[in-house]
Amino acid sequence: MAELVLKEKRANSVVLTLNRPESANALSVALLTALIKELNELQFDTDTRTVILTGAGEKVFCAGADLKERKGMSDREVRQTVHLIRQSMNTVARLPMPVIAAVNGMAFGGGTELALAADIRIAGRNAKMGLTETSLAIIPGAGGTQRLPRLIGLAKAKELIFTARRIDAETALALGLVNQVVEPGAVLDAAFELATEISANGPLAVRQAKLAMNQGNEVDLATGLTIEEQAYEIIIPTNDRLEGLKAFAEKRKPVYRGD
């Protein structure tokens, strides 16, 4: 039986690939369980500087929840499954290192929610995205109603969710839903290029910058500035900070080790 989540180490990055191409990489219970296992391991991985999420194939990132599987579920089982989807998205968002979603095609419902849980999204020109749940008489239940408004603004998020509209990559770029649009076959390469650029910087600094921005985005400015100050304090005694100063003085590239 094929692995449902493929894990590949590429330099300082880890690529996690949803591997159910025959089912449009839909989020079955088994896939979600495998994904959460990999994400939990990454929580404590100090060597990995970036994580890239993508889907198997070149046409589908993730079609969202496995509706064929859900059709036979009781109300209790549906609640458990939605909780599992929510848990996976929240675990992605809580990873200490930057997460890049390489959206290599269709991403609807939970697929868009998975991309929203990442820090940065790169989409293929063939990608289509949307929180389409209201067309099924449900709502986005894995962070979509909260993360999309924070990313593109409340009014536009309401429009997209209320209408269950599917949008193309260029529209997603114009709205700020994705950071970059590339040719369909170049999505993973573009994500890895960005990951390499990020990985060249101090890994502890990048993690603290992520923490400060994520937590600061939820509070008032004064509290956010305090969070930033605390994050900076953690960096001061590190060897990487001293290496950065030394490399600058010696006019060379720094070699950061994450300590």
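Now for a quick tour of the structure. (Residues numbered from 1 in each chain as written. Predicted model: local features only at pLDDT ≥ 70, side-chain atom pairs only at ≥ 80, totals over all residues. Heavy atoms only, no water.)

## Here's the deal with the packing of helix H3 (residues 75-94) against helix H4 (residues 110-117)
Logical step 1: At a minimum axis separation of 8 Å, H3 and H4 run at an interaxial angle of 20 degrees. It follows that H3 is roughly parallel to H4 by the angle criterion. Crossing of H3 over H4 shows right-handed handedness. Along its contact with H3, which presents Met89, Val92 and Ala93, the element H4 presents Gly110, Glu113, Leu114 and Ala117.
Logical step 2: Here the residues of the contact of H3 with H4 are counted per class, giving five nonpolar, one polar and one charged. (Axes fitted to C-alpha atoms, helices over the stretch in contact; angles between N-to-C directions. Helix = DSSP H or I, 4+ residues; strand = E, 2+ residues; numbered from the N terminus. Parallel < 35°, antiparallel > 145°, perpendicular 65-115°, else oblique. Left-handed = near helix turned anticlockwise from the far one by under 90°. Contact = heavy atoms within 4.5 Å. Nonpolar A, V, L, I, M, F, W, Y, C, P; charged D, E, K, R; others polar.)

## Remarks on the pattern of salt bridges
Logical step 1: Enumeration according to the criterion identifies twelve salt bridges in this entry.
Logical step 2: Its salt-bridge partner being Glu218, residue Arg150 comes within 3.3 Å of it at the nearest N-O pair. Note that Arg150 is positioned in helix H5 (residues 144-152) and Glu218 in the loop between helix H9 (203-216) and helix H10 (221-235), a separation of 68 residues in sequence.
Logical step 3: According to the relative accessible area criterion, Arg150 is partly exposed, its value standing at 49%.
Logical step 4: The salt bridge partner of Glu250 is Arg252, with a shortest N-O separation of 2.6 Å.
Logical step 5: Of the residues examined, Glu250 reaches a relative accessible area of 43% and is grouped as partly exposed.
Logical step 6: Residues participating in the shared-partner salt-bridge network are Lys7, Lys37, Glu38 and Glu41. (Salt bridge = Lys/Arg side-chain N within 4 Å of Asp/Glu carboxyl O. Buried < 20%, exposed > 50% of the residue type's maximum accessible area, 1.4 Å probe, protein only.)

## Focus on unusual backbone geometry
When glycine is set aside, most residues are seen to have a negative phi, and most peptide bonds are trans.
Logical step 1: The phi torsion at Ala11 lies on the positive side, around 55 degrees, for a residue other than glycine.
Logical step 2: If you trace the backbone, Ala11 turns up in the loop between strand E1 (5-10) and strand E2 (13-18).
Logical step 3: A relative accessible area of 60% places Ala11 in the exposed class.
Logical step 4: At Ala24, a residue that is not glycine, the phi angle is positive and equals roughly 55 degrees.

## With respect to a nonpolar patch on the surface
Logical step 1: Taken together, the side chains of Leu67, Leu136 and Ile138 present a nonpolar region at the surface, about 260 Å² in accessible area.
Logical step 2: Tracing the backbone shows Leu136 in the loop between strand E8 (128-130) and H5. (Patch = residues over 30% accessible without salt bridge, like charges linked within 9 Å, V, L, I, M, F, W, Y side chains within 5 Å. Areas by Shrake-Rupley, 256 points an atom, 1.4 Å probe, with all protein chains shown as cover.)

## Digging into the packing of aromatic side chains
Logical step 1: What the rule picks out here adds up to zero aromatic pairs.
Logical step 2: Of note, Arg10 hangs over the ring of Phe192, and the distance from its end group to the ring centre comes to 4.1 Å.
Logical step 3: Across from the ring centre of Phe108, 4.1 Å away, lies the NZ or CZ of Arg166, which sits over that ring. (Phe/Tyr/Trp six-rings, centres within 6.5 Å; stacked < 30°, edge-to-face > 60°. Lys NZ or Arg CZ within 6 Å of the ring centre and 35° of its normal.)

## A few points about the environment of Ala102
Logical step 1: You can see Ala102 is positioned in strand E5 (residues 99-103).
Logical step 2: In the structure, Ala102 is positioned 89 residues away from Ala191 in sequence and 6.1 Å away in space, judged by C-alpha atoms.

## A few points about H5
Logical step 1: Those residues of H5 not exposed but buried are Gly144, Leu148, Pro149 and Ile152. Around the axis of H5, the buried residues are gathered within 110 degrees of arc, so they sit on the same side.
Logical step 2: Elements in contact with the buried residues of H5: H4, helix H6 (154-163) and helix H7 (169-175).
Logical step 3: Positive backbone phi, approximately 100 degrees, marks Gly153, located one or two places after H5. (Arc of directions from axis to C-beta.)

All quantities given are derived from atomic positions and should not be read as evidence of function.
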